[in-house]
Structures are given as structure tokens and as C-alpha cells.
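# Chain and residue survey
So you can see what is in the structure, the chains are spelled out below.
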Amino acid sequence: MKFSVLQFFSWPGRRVPLTTVYGRALERVQIMDQGGYDAVWLAEHHFSTYSVCPSVHIMGMHVAGLTKNIRIGTGVSLAAFYHPLRLAEEVALLDNLSGGRVNWGAGRGFDRKEMEVFGVGAEDSYDRFRENVEIVLAAWADDRLTHRGRHHSFEDVEVLPKPLQDPMPVWIATSSVTAIDWAASRGHSILMDPHATHAEIGTKYRHYLAAMEDHGFPDADSREIPVARLLAIAPTDEAAEKVAREGARWTVGSYANPGPGAVAREERIERYVQDVIIHGSPARVAAQLQQLEEETPLRYLIASILSHETFVLLTDEVIPRLA
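Anyway, here's the lowdown on the structure attached to this text. The structure displayed is predicted, hence computed values, not measured ones. Positions within a chain are numbered from 1, following the residues in the order the chain's sequence is written. A pLDDT threshold of at least 70 governs which residues receive local features in this predicted model, and a stricter bar of 80 or more applies before side-chain atom pairs are shown or counted, although totals over entire chains, interfaces and linings include all residues. To obtain the side-chain values, all non-hydrogen atoms of the structure were included, while hydrogens and water were left out.

## Overview of the overall build of the protein
Helix and strand assignments come from DSSP, with helices taken as H or I runs of at least 4 residues and strands as E runs of at least 2, each series counted from the N terminus. Assigned secondary structure in the protein consists of eleven helices and twelve strands. Radius of gyration: C-alpha atoms only; globule rule: 2.2 Å multiplied by the number of residues to the exponent 0.38. Since a compact globule built from 323 residues should have a radius of gyration of about 20 Å, the 19 Å found for the protein is in line with a globular shape. On the principal axes, the C-alpha backbone points of the protein span a range of 60 × 40 × 40 Å. Element-wise, carbon and sulfur atoms account for 51% of the exposed surface of the protein, whose accessible area totals about 14,300 Å². Every accessible area reported is derived by Shrake-Rupley at a probe size of 1.4 Å, with residue values counting cover from the shown protein chains alone.

## A few points about the pattern of salt bridges
Each salt bridge in this description consists of a side-chain nitrogen of Lys or Arg and a carboxyl oxygen of Asp or Glu lying within 4 Å of one another. Evaluation of the coordinates by the stated rule reveals 17 salt bridges. Between Arg 299 and Asp 221 there is a salt bridge; the shortest N-O distance is 3.4 Å. Of this pair, Arg 299 sits in the loop between α10 (282-295) and β12 (300-305) while Asp 221 sits in the loop between α7 (198-214) and β10 (227-233), placing them 78 residues apart in sequence.

## Some points on the packing of aromatic side chains
Any two of the Phe, Tyr and Trp rings considered here, Trp counted by its six-membered ring, make a pair once their centres fall within 6.5 Å; the pair's planes then place it as stacked at under 30 degrees, edge-to-face at over 60, or tilted in between. The tally for this structure, following the rule as stated, stands at eight aromatic pairs. With 6.0 Å between their ring centres and 20° between their planes, Tyr 37 and Phe 311 make a pair best called stacked. Of this pair, Tyr 37 sits in the loop between α1 (18-32) and β2 (39-42) while Phe 311 sits in helix α11 (residues 308-322), and the two are 274 residues apart along the sequence. When sorted by exposure, Tyr 37 lands in the same class as Phe 311, which is buried. On the numbers, 5.2 Å between centres and 75° between planes, the contact of Trp 104 with Trp 140 is edge-to-face. A simple rule labels every residue: compare its accessible area, found with a 1.4 Å probe on the protein chains alone, to the largest value its type can have, and call it buried under 20%, exposed over 50%, or partly exposed in between.

## Structural notes on the packing of α10 against α11
Lines fitted to C-alpha atoms define the axes, with helix axes restricted to the stretch in contact, and inter-axis angles between N-to-C directions lie between 0 and 180 degrees. The N-to-C vectors of α10 and α11 enclose an angle of 50°; their axes lie 9 Å apart at closest approach. What the angle tells us is that α10 and α11 run oblique. The crossing of α10 and α11 is right-handed. Side by side, α10 and α11 meet where Pro 282, Ala 283, Val 285, Ala 286, Leu 289 and Gln 290 of the first sit next to Leu 313, Glu 317, Val 318, Arg 321 and Leu 322 of the second. Counted by class, the contact of α10 with α11 contains eight nonpolar, one polar and two charged residues. Any angle between 65 and 115 degrees counts as roughly perpendicular, while under 35 counts as roughly parallel, over 145 as roughly antiparallel, and the rest as oblique. Handedness of a crossing is defined here by the sense of rotation of the near helix relative to the far one, left-handed for an anticlockwise turn of less than a right angle and right-handed for a clockwise turn. Only heavy atoms enter the contact rule, under which two residues are in contact if any of them lie within 4.5 Å. Under the scheme applied here, ten amino acids are nonpolar (Ala, Val, Leu, Ile, Met, Phe, Trp, Tyr, Cys and Pro), four are charged (Asp, Glu, Lys and Arg), and all others, including Gly, are polar.

## Focus: the pairing of strand β8 (residues 170-174)
Burial within β8 is extensive, with four of its five residues counted as buried. Two strands pair when backbone bridges link them, and β8 and strand β9 (residues 189-192) are joined in this way by four bridges, in the parallel orientation. Bridge pairing in β9 places Thr 174 opposite Met 192. Note on the crossover from β8 through helix α6 (residues 177-185) to β9: the handedness is right-handed. DSSP-based pairing: two strands are paired if at least 2 bridges between them are found. By convention, a crossover is right-handed whenever its connection, traced from the first strand over the helix to the second and viewed with the strands pointing away, goes clockwise.

## With respect to the side chain of Thr 315
With respect to the element layout, Thr 315 can be found in helix α11. Among the polar contacts made by the side chain of Thr 315, one reaches the side chain of Tyr 37 at a distance of 2.7 Å. Not counting chain neighbours up to four residues away, the residues in contact with Thr 315 comprise Ile 31, Tyr 37 and Pro 320. For the purposes of these results, a polar contact is taken to be a pair of N or O atoms within 3.5 Å, where, inside protein, one atom must be able to donate a hydrogen and its partner to accept one; residues adjacent in sequence count only when each atom of the pair is a side-chain atom.

## Some words on the pairing of strand β5 (residues 102-107)
The element β5 is largely enclosed, with a buried count of six among its six residues. Residues of β5 alternate between two faces, with Val 102, Trp 104 and Ala 106 on one and Asn 103, Gly 105 and Gly 107 on the opposite face, all of them buried. Pairing of strand β3 (residues 71-74) with β5, which is carried by two bridges, proceeds in the parallel orientation. By the bridge assignment, Gly 73 is partnered in β5 with Asn 103. In this structure, strand β4 (residues 77-78) lies alongside β5, joined through two bridges in parallel fashion. Bridging across to β5, Ser 77 finds its partner in Ala 106. Considered for its hand, the β-α-β crossover made up of β4, helix α3 (residues 84-97) and β5 is right-handed. Looking at chain direction, β5 and β8 are connected through three bridges and run parallel. Each residue of the ladder has a partner; that of Ala 106, found in β8, is Ile 172.

Structure (C-alpha cells):
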């Protein structure tokens, strides 16, 4: 199993200066660079204290300067909100300046406020996202780009730089069956989301394998398919459950759009604690990860950590058990 971290820059209650949030996160990244981790995946969000990182490409460049070994994933570039040629340039520049360490993850996003502010309609966002992804990939592959689409048209444009990696590793974030079907129809590898239950992850993974086979890509089961999972680890199972419940409340209240009413919120929180968040002592979490590896399978974990202690115990006690 490969290990990585989905790095948020959450600012709950604005209790500390924002610079402290960034500093703590980047300290973790430097620890990750010393061994045990494959990549850090940087989460892009806007207009919310859920994660104050509006540019994963700028943050990725800073991470590149602090590290030498780990790969730098965009988790994800919200492609529907970008001009696609600017996006292609920025990611390719990051790849060149990081020495070819970029994992490009692209996603549509789902936050209504972000879409509203950026002028992207919820329904229109699907088509815009898909066209933008295709333009980015063509901009990297072709010497000069000509494109005529619904949202963009270009004639004989040379997009520079090209990525240092050839090909660039690319994943499409997929939280729905519709997104999985589109990714499979293009032969793309996928990123699996942290908000689905473990059972839902298994069901969607099997659907992806079948869809890839249907579209003439029989190698899907041999690909690296990163699965994001929320983790809460503490010295005891009881302490870890408290961390998990607090994390579930923050997630639901800040970003998970649970719907109106206290009952709906409490049901959503309980769903996270019981079926989404992996929580417990290091031994229990290692056992849960081992079980998921066998059942899903889970070969590449993107850990979305819910406390600093979780990161420390994951690094010092869980990963060595599974290495």
C-alpha cells in the first residue's frame, strides 16, 4: 500500500493566525518528505475556512521548494473555474520547476457558492469541466493547439511550457457514477473521494473496472487508483472516536451540505463516524486499512487527517505496521 496525505488548510473558528495554519501544514509536508509517503495532495477550495488554499499551483510551487522526494498532487485543480490554457501552463510550469514531481488531479467541484461566484452554473459545470480537461491534455500533447468547442475556441496556439513528465500522470476526481463513466470512456485513471462510505467506494471501484473494460481499457485493475479516506487516530479507540466525531461535525457544518434541519445534520454526522471515517488506536486503524486493502482493494491511500496526533501516529505507528 502506498501512503499520501490530502492536505487541507482548515481554519476552524479562526482560533490561530492563518500563518500558523500554513506553517503547521508545511511542517508536516517536510516530515513526509523524509520517508514513508509517496505524495502530498493539495486541496483547492474557495470562500470558506474549510480549507484556505485558493491556488494549489502556487502552494505546490512552495512545497516543491521545501521538499526533494515526495510527489506533489493537485487534489484537485477545480478545472471548471479556470481558463484551460492558463491551467495547462500553470500545471506544466509547476512540473518543470519541481523536477517532474506533479500528479495532476482534476475535478469539477461541487460547492454551490464557488460555482456562483465564478459564474459557472451547476449543470453547465459538467460540460465545462470535461471540455477544459480535454483542452489541457491536448495543450500538453500537441505542438500547436487548434480547438473548437462549446465554451472555447483556439486556432494554432503554442502552449508553453510542456510538462517535464511525458506523459503527465493524470487522475479525474469521481464522486458519482456519472463522473466514473465519463472518466472510463476516456480511459482516465480516477481519484476516489473521502466522503463516500467504505462500501460505496468498493461498489464504485467495481463499476469503474467494468466501465473501463467496456470502453476497451482492460488494464484498469493494474493502475494506481488513489482512495481518499478520513482518518482519526489516537492512543485509544475512545479518544479517536471523539476526534472522529468532532471532525465529522466540522466537515458537515463547513462543507458537506447536509441539507436543512438539525436531524439531517445529526444523521450525516453519525454516517461519517460509523461508515466513512477510519478511527481508532494505531493497531485498530492498521487492521481496518488492511481489511480495506483486501476488500476494495485499497492499494493507494490518500489520508485526510483529522488531527495533528493522527498524522504523528499514522507516520510513526501505522505505516510501519503496513510497510
